[in-house]
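# Descriptive analysis of the structure
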Amino acid sequence: MKLSLLIFAAALATSNLAGADILQVNSKDLHLKFSGIAESNGVPQHITLVDSGIAALQKRLDMIESAKHTIDVQYFIYNIDHAGRLFTQALIRKAQQGVKIRMMIDTSSAVFRLNNVFVDEISRDGGVDKVGKPMIEVKYYNRDSFIDIVAQNFRAHRKLIVVDNQSAVTGGRNMADEYFGLSPRYNFLDSDIFVTGSLVSQMTIDFEDFWDSPLASLPGTPVEPSPPATHRDTSDYDARMNA
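If you're wondering where the values come from, they're calculated on a predicted model, not measured in any experiment.

All right, on to the overall build of the protein then. Along the backbone of the protein there are 8 helices and 9 strands. Each of the 243 residues in the protein was classed as buried or not, and the buried ones make up 47%. Counting contacts in the protein only where the partners sit at least 6 residues apart, residues at least 24 apart contribute 74% of the total. Surface accessibility of the protein: about 12600 Å² in total, with carbon and sulfur atoms responsible for 54%.

Written out as structure tokens, the structure is:
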């Protein structure tokens, strides 16, 4: 992942198009101190800097649609809002088409939203492979304890999607409306990079380090939350259960 962060920094440093939504950068054009990245496998890496929130979400959806074999996803924040539902529904459709999907979600108590009820529905909707294994597998990273302050702060602030080990998006955007210009209250100004080239294989290796980590665990058996009292508006509860 360090290599991808270096490329991200280089892309930002070489950008002189402050108002542009998308800036395409070939690794040959990066400053000399980053040139080793392009030459590590003898193949230049192609980088696209994505500044627009809507463009960033569309890029992710396009990547999912293009997937043929595998999709790996890792996020610190994964909300069940407009952006999260669009993204999740796209993943489910590809899983139903035979694409294997792995999702790694951090469980910081301050921001955690993708509980095991949602995960169970996502996994069931995605279907199973020939041996009965879910096409969408989800793991939680570091299910912290309220009484262990050290463990609570050991988080994975990673935002990554890798498709077919051929293309990837990484950067500052979590999976939530406010990272894609969709929130009516506030939105973050952030950036991503879209990468193709041999560097993507290293991103997959880094993802698997987290996936195989002792701190990664399965969500466990879901427990349905109790619905609100009948005299109260249940539309939000129903919408979340049917997302």
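Right, picking up where we left off after that structure.
Right, let's get into the packing of helix H4 (residues 82–96) against helix H5 (residues 116–126). Taken N-terminus to C-terminus, the directions of H4 and H5 make an angle of 35°; their axes are 8 Å apart at the nearest point. Across from Thr88, Ile92, Ala95 and Gln96 in H4, the residues of H5 making contact are Ile122, Asp125 and Gly126. Among the residues forming the contact of H4 with H5, the class breakdown is 3 nonpolar, 3 polar and 1 charged.

The next thing to look at is helix H7 (residues 199–211). Across its 13 residues, H7 extends 19 Å between first and last C-alpha, which sits within 8% of the 18 Å expected from 1.5 Å per residue. Within H7, the full set of buried residues consists of Leu199, Val200, Met203, Thr204, Asp206, Phe207 and Trp211. Looking straight down H7, one finds its buried side chains confined to an arc of 160°; they lie on one side.

Its 14 residues give helix H3 (residues 53–66) an end-to-end C-alpha distance of 20 Å, which sits within 8% of 20 Å, the value for a rise of 1.5 Å per residue. Every buried residue of H3 is accounted for by Gly53, Ala56, Leu57, Arg60, Leu61, Met63 and Ile64. For H3, the angular spread of buried residues about the axis comes to 155°, placing them on one side. Where H3 begins, the side chain of Ser52 points an oxygen toward the backbone nitrogen of Ile54, at a separation of 3.5 Å.

Counting buried positions over the 5 residues of strand E7 (residues 167–171) gives 4, a clear majority of the element. One ladder, built from 4 bridges, connects strand E6 (residues 160–163) with E7; its direction is antiparallel. Residue Val163 lies in a different strand from E7, and its bridge partner there is Ser167. In sequence, E6 turns back onto E7 through a hairpin of 3 residues, with Asp164 there showing a positive phi of about 55°. In this structure, E7 lies alongside strand E8 (residues 192–196), joined through 5 bridges in antiparallel fashion. Among the inter-strand pairings, Thr170 is bridged to a residue of E8, identified as Ile193.

To continue, consider the pairing of strand E4 (residues 100–106). Burial of E4 is extensive: 6 of the 7 residues sit out of reach of the surface. Once you follow strand E3 (residues 70–75) into H4 and on to E4, the crossover reads as right-handed. Of the pairings in the sheet, the one linking E4 to strand E5 (residues 136–141) comprises 6 bridges and is parallel in character. The partner of Arg102 across the bridge, within E5, is Glu137.

Taken as a whole and assessed by the stated rule, the structure comprises 7 aromatic pairs. Relative to Phe87, the ring of Tyr75 lies with its centre 6.0 Å away and its plane at 90°, an arrangement referred to as edge-to-face. Residue Tyr75 is found in strand E3, and its partner Phe87 is found in helix H4; the two are separated by 12 residues along the sequence. Phe87 shares its class with Tyr75; the two are buried. With a relative accessible area of 0%, Phe87 lands in the buried category. Taking NZ or CZ as reference, Lys59 lies 4.1 Å from the ring centre of Phe194, over its face. Above the plane of the ring of Trp211 lies Arg102, whose end atom (NZ or CZ) is 5.5 Å from the centre.

Rules used in this analysis
Residues numbered from 1 in each chain as written. Predicted model: local features only at pLDDT ≥ 70, side-chain atom pairs only at ≥ 80, totals over all residues. Heavy atoms only, no water. Helix = DSSP H or I, 4+ residues; strand = E, 2+ residues; numbered from the N terminus. Buried < 20%, exposed > 50% of the residue type's maximum accessible area, 1.4 Å probe, protein only. Contact = heavy atoms within 4.5 Å. Areas by Shrake-Rupley, 256 points an atom, 1.4 Å probe, with all protein chains shown as cover. Axes fitted to C-alpha atoms, helices over the stretch in contact; angles between N-to-C directions. Nonpolar A, V, L, I, M, F, W, Y, C, P; charged D, E, K, R; others polar. Expected span 1.5 Å × (residues − 1). Arc of directions from axis to C-beta. Polar contact = N/O pair within 3.5 Å; in protein donor to acceptor, adjacent residues only side chain to side chain. Pairing = 2+ DSSP bridges. Right-handed = clockwise from strand over helix to strand, strands pointing away. Phe/Tyr/Trp six-rings, centres within 6.5 Å; stacked < 30°, edge-to-face > 60°. Lys NZ or Arg CZ within 6 Å of the ring centre and 35° of its normal.

These values are about where atoms sit, not about what they do.
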